[in-house]
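Summary of structural features
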Amino acid sequence: MNYFPDEVIEHVFHFVESNKDRNSISLVCKLWYRIERFSRLRVFVGNCYAISPERVFARFPFMKSLFLKGKPHFADFNLVPDDWGGFLYPWIEYMARNKVNLEELRLKRMIVTDDSLELIAASFANFKSLVLVSCEGFTTDGLAAIAANCRFLRELDLQENEIEDHRGQWINCFPECHTSLVALNFACLRGDINLAALERLVARSPNLKSLRLNQAVPLETFHRILVRAPQLVELGVGSFVNDPESEINDKLTSALQKCQSMRSLSGFFEVTLSCMSAIYPVCENLISLNLSYAPEIPGNELIKIIQHCRKLQKLWVLDCIGDKGLKVVADSCKELQELRVFPFDPHGVRNGAVTEEGLVAVASGCLKLNSLLYFCQQMTNEALITVARKCPNFIRFRLCILNPTKPDAATMQPLDEGFGAIVQSCKGLRRLSMSGLLTDRVFHYIGSFAENLEMLSVAFAGDSDAGMLYVLNGCKKLSKLEIRDSPFGNVALLMDVRKYETMRSLWMSSCEVTMGGCRTLAKMMPRLNVEVINDSGDLDKHGDDNQVVNKLFVYRTLVGPRKDAPDFVWTL
Amino acid sequence: MGSSTCYDNDLVNLEATELRLGLPGRHEPFENHPMKTSTSSIKRSIDETTGEEEEEDSGGRPKVTSSKAQIVGWPPIRSFRKNITVHPKSKVGREESSSSSDAVGTYVKVSMDGAPYLRKIHLGSYKGYDQLLAALQTMFRITIGQYSEREGYEGSEYAPTYEDKDGDWMLVGDVPWEMFATTCKRLRIMKGAEARGLGCGV
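Residues numbered from 1 in each chain as written. Chains lettered and ligands numbered in written order. Predicted model: local features only at pLDDT ≥ 70, side-chain atom pairs only at ≥ 80, totals over all residues. Heavy atoms only, no water.

Some words on a nonpolar patch on the surface
On the surface, Phe4, Val8 and Val12 of chain A cluster together to form a nonpolar patch covering roughly 240 Å² of accessible area. Along the chain, Phe4 of chain A falls in the segment before helix H1 (6–13). (Patch = residues over 30% accessible without salt bridge, like charges linked within 9 Å, V, L, I, M, F, W, Y side chains within 5 Å. Areas by Shrake-Rupley, 256 points an atom, 1.4 Å probe, with all protein chains shown as cover. Salt bridge = Lys/Arg side-chain N within 4 Å of Asp/Glu carboxyl O. Helix = DSSP H or I, 4+ residues; strand = E, 2+ residues; numbered from the N terminus.)

Brief notes about the packing of helix H13 (residues 322–332) of chain A against helix H14 (residues 356–365) of chain A
When two helices pack together, their arrangement is given by the angle between their axes and by how far apart the axes lie. All names here are of chain A. Their axes nearest at 8 Å, the elements H13 and H14 cross at an angle of 0 degrees. With respect to each other, H13 and H14 are oriented roughly parallel. The segment H13 lies against H14, with Asp323, Leu326, Lys327 and Ala330 engaging Glu357, Gly358, Leu359, Ala361, Val362 and Gly365. In the contact of H13 with H14, the residues fall into five nonpolar, two polar and three charged. (Axes fitted to C-alpha atoms, helices over the stretch in contact; angles between N-to-C directions. Parallel < 35°, antiparallel > 145°, perpendicular 65-115°, else oblique. Contact = heavy atoms within 4.5 Å. Nonpolar A, V, L, I, M, F, W, Y, C, P; charged D, E, K, R; others polar.)

Examining the side chain of Arg78 of chain B
Within the secondary structure layout, Arg78 of chain B lies in the loop between strand E2 (53–54) and helix H2 (79–86). Here Asp76 of chain A takes part through its side chain, which lies 3.0 Å from a polar atom of the side chain of Arg78 of chain B. Contact partners of Arg78 of chain B, with chain neighbours within four places excluded, come to Asp76, Phe77, Lys108, Arg109, Val133, Ser134 and Glu160 of chain A. (Polar contact = N/O pair within 3.5 Å; in protein donor to acceptor, adjacent residues only side chain to side chain.)

Looking at the confidence of the model for chain B
All names here are of chain B. For chain B, per-residue confidence averages 63 on the pLDDT scale, and residues scoring 70 or more make up 49% of the total. Within the model, the stretch residues 20–69 combines pLDDT values under 50 with 100 contacts to residues more than four positions away or in other chains. What the predictor reports for the complex is a pTM of 0.77 with an ipTM of 0.86. (pLDDT = per-residue confidence, 0-100.)

With respect to the pairing of strand E11 (residues 264–271) of chain A
All names here are of chain A. The element E11 is largely enclosed, with a buried count of eight among its eight residues. Two strands pair when backbone bridges link them, and strand E10 (residues 234–240) and E11 are joined in this way by six bridges, in the parallel orientation. From the neighbouring strand, Ser239 faces E11, where its bridge partner is Glu270. Considered for its hand, the β-α-β crossover made up of E10, helix H10 (residues 248–257) and E11 is right-handed. With three bridges connecting them, E11 and strand E12 (residues 288–290) associate as parallel partners. Looking across to E12, one finds that Ser264 is bridged to Ser288. (Buried < 20%, exposed > 50% of the residue type's maximum accessible area, 1.4 Å probe, protein only. Pairing = 2+ DSSP bridges. Right-handed = clockwise from strand over helix to strand, strands pointing away.)

Points about the environment of Lys480 of chain A
All names here are of chain A. Within the secondary structure, Lys480 sits in strand E19 (residues 480–484). Measuring from C-alpha to C-alpha, the distance between Lys480 and Arg504 comes to 5.7 Å, with 24 residues separating the pair along the chain. Setting aside anything within four residues of it in sequence, one finds Lys480 in contact with Lys69, Glu454, Met455, Leu456, Arg504 and Ser505.

Some words on unusual backbone geometry
Cis geometry is adopted by the peptide bond preceding Pro75 of chain B, which originates at Trp74 of chain B and carries an omega value of -5 degrees. Mapped onto the fold, Pro75 of chain B is located in the loop between E2 and H2. Located in the positive-phi region is Ser134 of chain A, a residue other than glycine, with phi close to 55 degrees. Tracing the sequence through the fold places Ser134 of chain A in the loop between strand E4 (129–133) and strand E5 (136–139). We classify Ser134 of chain A as buried; its relative accessible area is 15%.

Re the side chain of His73 of chain A
Residue and element names in this part refer to chain A. Summarising the element assignment, His73 is placed in the loop between strand E2 (65–69) and helix H5 (89–97). Residue classification places His73 among the buried residues on the basis of a relative accessible area of 13%. Here Glu482 takes part through its side chain, which lies 2.7 Å from a polar atom of the side chain of His73. When residues no more than four places from it in sequence are discounted, the contact partners of His73 are Arg109, Arg398, Arg431, Met455 and Glu482.

Let's talk about a negative patch on the surface
Together, Asp115, Glu118, Asp141 and Glu164 of chain A give the surface a local cluster of negative charge. The topology assignment puts Asp141 of chain A in helix H7 (residues 140–149). (Lys, Arg positive; Asp, Glu negative; His and termini not counted. Charge placed at Lys NZ, Arg CZ, Asp CG, Glu CD.)

Printed below as a string of structure tokens:
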């Protein structure tokens, strides 16, 4: 390759899209490093505190697309205080000031403010795509700024964000000349929306392929939108409530039948059950179906819908589908790759409506299954062993038993053997979440067999430090380890401190690490940020080494302790 | 590393693989293990038949109780998702539809005389009176007697009552389950003299 001019090498690199591959390429030699950095257009920063905007843009000056992640994963479950960090503004401010030609921004678990959104709208003339997942801190006013000023905006995708809805007219703010919209998802907004403005926007967006409505959009509007946009590929229904006698139902059926390109369906926040049959014709071509926000669709109706979905690859449902419904999935959806079953009633007295039977059925019938998130009432080793045997292709396997320390429902034994079978059989497993009664033994299995594991989530598991050590020693590709309520302490934390520089982050809460252990770690490893989160106020920052640390977050970083940490977060 | 040989010892430590008849968590497989820093304090045995829980508490670890709502962050689903499924009919800017008595989405408040705070239960998750009464007995740690049409609830000082959609207070159990589930607005477990009064056909 030394005999090729740089332009040729750069042209070859152009075809390498994966950042992992690009990272490898840039390590080959200085020449390749240089060429690669000038040709990288999409940058991924997995932890916004691992690096600074200055250094990112110094290395990748022609960057157009940025994907930033902020808070640790357990922030999704209220384990991280709201103002812990993950602020977007400094990144936008830097990019605006240095005239970065930002076109795409994707964010996960970050604090986004209206100021940031306004600054984006004012600074990046070619801005095309904004995707926000599980973010918070902004209002519909910020969205209005984006709508009004980003003339070439193609994509506005809001997934499960907490957005303060001022019930203003943000959707009116798309100017009449704005015709470039391809994807619009505002399903997570809780407020009303200007329906006429929405319809006009859809009418003047011939390239619109993906539209996810919120609960405030009634059936009549939905029907009119369908008539205007039969080219839609992805559709999120808002409210599907109607008078069953109304003539709209026939019109709806025929409008849906004209949507030949429809491949993904979601929403249905509220429904009139007798109108559901209108969607059956669309089901035949669906590859993705998300009914996990449709609490009003009972199990037997879910079954009717699923029986039509023969090409389905991705299914998200509530557990009211029951084991019975999962058997229908197993029979009907032979192409299924991803299944997520969420609890209808997370805190109710009833413990969840699916059991190991449903899982075994799906694993037996859907041999292409590779990604699972399953909230269930109970599990058995036998079931997990069967699943492992039938589906060796799992990449993501997340099992949540609603009672977190429940043993094998049949034998009352720990579930070590079951999860052991999963890691042994699924050689490509990259992500694992476990629950149920688990001893150190399961960690021994994980350390021994899970060679490709990148992310592990542990809750209420293990007996001793040995458990955590098995994982740290054995999983060479481990990148993120998050542990809660497990008896791991300083011995495990400090046994191999260099390991944490090979990982993105470690989270430990309600474990047994102490201030002494954290101080030692911080001292030994200056390139880690060892953050003690004292939101309960119990700890004395200069106090005894023996104080137990309730929340610990450790991550590698090239830029030292962060300057935006709140008072209760101490970087040791 | 000296510690790695300790892990090998675990493999040949047959105690770890020994089948025991006791409930899980009662044994200490790594009793003398040098790596061990604490006793197994997380394990709780849950008696499935009576619904009672025995708690082992050491080191101030958060307790797993019969009310899962008390464990922060469990089950691990985003708060955003919890809000949507728990209150499907409550939306910003809309009134709650009181005429909608669809049992699937109905949460009702339950009060008990003498208890400091109320609870909420999801009627749609029960299939009949037996399940409901069992749940109430577990939730409030009481015994409710046997129902009979003539005597009301015999055998205890508690009687479950409910307010129907006309605003009247009725004894739980008099009407068919489906009718009850769709007309019940809230529950109250009466205690003592008041409760006994209901059984006398007043």
